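Observations on the three-dimensional arrangement
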Amino acid sequence: MPAALALLLLLALGARGARGCLQCDPSVRQALGELRAALSPKRIHLERLQARAQALLLAMEGPFFRDYAVNAFLGKVDLNDLELVASFTKNQTTQLRQGPLTDMPLLDELVTLRERVVKELKKVLKSYELKGLLKEEVLDCLHCQKTSPMCIKNKYCFVDGQPRMSLQYKEGRGPRSQVLLGMVISVALAALLFVAILVSAVTYRENRKLLLK
């Protein structure tokens, strides 16, 4: 009974306020839920494997993809691109739900499923960052809302107002620090050249003294 209550609690947490990107699409959440429901003891016999499989799918239904999109990227995607990833995810879950795999091979395939979906999601998240100025609406993965593209901060709006990860300078790594680094390298090279000339001059004088003896 405690295990059942814990599972219901996880289901509730995964369904409330934890959506983002793929989870914003009800059909994707439904596909993942149907796959999770299909993992009955007949397909995964060991309780520990069943628990791992349920936890993995609950995370995919919950904040997993949202956190990935927001923490690793800007957390926004083109709606048309996201639709392709959603279709891919639903096709993969259907094949796995109707397939013959059981026990550990099935759990391994669930892990592979998550990796494949992450790979496809990464493509569209990165594509958004690399595009030029977008005029159409995009999806905010954190709030599950359509929004207009805009810069994170005005001082980072160097290229057509399009936010890009490469423009998110951290302290000590911005343009000023790059100029300072260039100056330090130039001074170091000049000092090295001076030392080389000094050593050559001393060597020349010593050799000249030897020749005059």
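Refer to the structure printed above.
Below is a summary of the structure that appears in this document. (Residues numbered from 1 in each chain as written. Predicted model: local features only at pLDDT ≥ 70, side-chain atom pairs only at ≥ 80, totals over all residues. Heavy atoms only, no water.)

Next up on the list: the pattern of salt bridges. Opposite charge on two side chains permits pairing when their charged atoms draw close. Counting across every chain of the model gives five salt bridges. A salt bridge links E34 to R97; the shortest N-O distance between them is 3.7 Å. Remark: R97 occurs in helix α5 (residues 79-98) and E34 occurs in helix α2 (residues 26-38); sequence separation between them is 63 residues. Owing to a relative accessible area of 36%, E34 belongs among the partly exposed residues under this scheme. (Salt bridge = Lys/Arg side-chain N within 4 Å of Asp/Glu carboxyl O. Helix = DSSP H or I, 4+ residues; strand = E, 2+ residues; numbered from the N terminus. Buried < 20%, exposed > 50% of the residue type's maximum accessible area, 1.4 Å probe, protein only.)

Here we take up a nonpolar patch on the surface. Among the surface-exposed residues, F194, V195, L198, V199 and V202 lie close enough to one another that they form a single nonpolar patch of about 470 Å² accessible area. Residue position: L198 is located in helix α7 (residues 175-212). A residue is classified by how much of its surface remains accessible, and L198, at 47% relative accessible area, is partly exposed. (Patch = residues over 30% accessible without salt bridge, like charges linked within 9 Å, V, L, I, M, F, W, Y side chains within 5 Å. Areas by Shrake-Rupley, 256 points an atom, 1.4 Å probe, with all protein chains shown as cover.)

Time to look at the packing of aromatic side chains. Counting across every chain of the model gives two aromatic pairs. For the ring pair F64 and F65, a centre distance of 5.1 Å and an interplane angle of 80 degrees mean the geometry is edge-to-face. According to the relative accessible area criterion, F64 is partly exposed, its value standing at 28%. Residue class for F65 comes out buried when judged on its relative accessible area of 1%. (Phe/Tyr/Trp six-rings, centres within 6.5 Å; stacked < 30°, edge-to-face > 60°.)

With that settled, the discussion passes to unusual backbone geometry. In this model, D103 sits at a positive phi of 50 degrees, which is unusual for a non-glycine residue. On the secondary structure map, D103 appears in helix α6 (residues 103-130).

Here we come to the nonpolar core. Membership of the largest hydrophobic core comes to 32 residues, with the highest contact counts inside it found for L22 and L110. With nine residues, α6 is the single largest residue contributor to this core. Non-local contacts of L22, meaning those with residues more than four positions away in its chain, are made with V28, F65, L82, V85, A86, T89 and V117. (Core = buried A, V, L, I, M, F, W, Y, C linked by side-chain atoms within 4.5 Å. Contact = heavy atoms within 4.5 Å.)

This part takes up α6. Between its first and last C-alpha, α6 extends 41 Å over 28 residues, near the 40 Å set by a 1.5 Å rise per residue. All of the buried residues along α6 are L106, L107, L110, L113, V117, V118, L121, V124, L125, Y128 and E129. Of the surrounding elements, those touching the buried residues of α6 are α2, α3 (47-61), α4 (64-72), β1 (76-78), α5 and β2 (138-140). (Expected span 1.5 Å × (residues − 1).)

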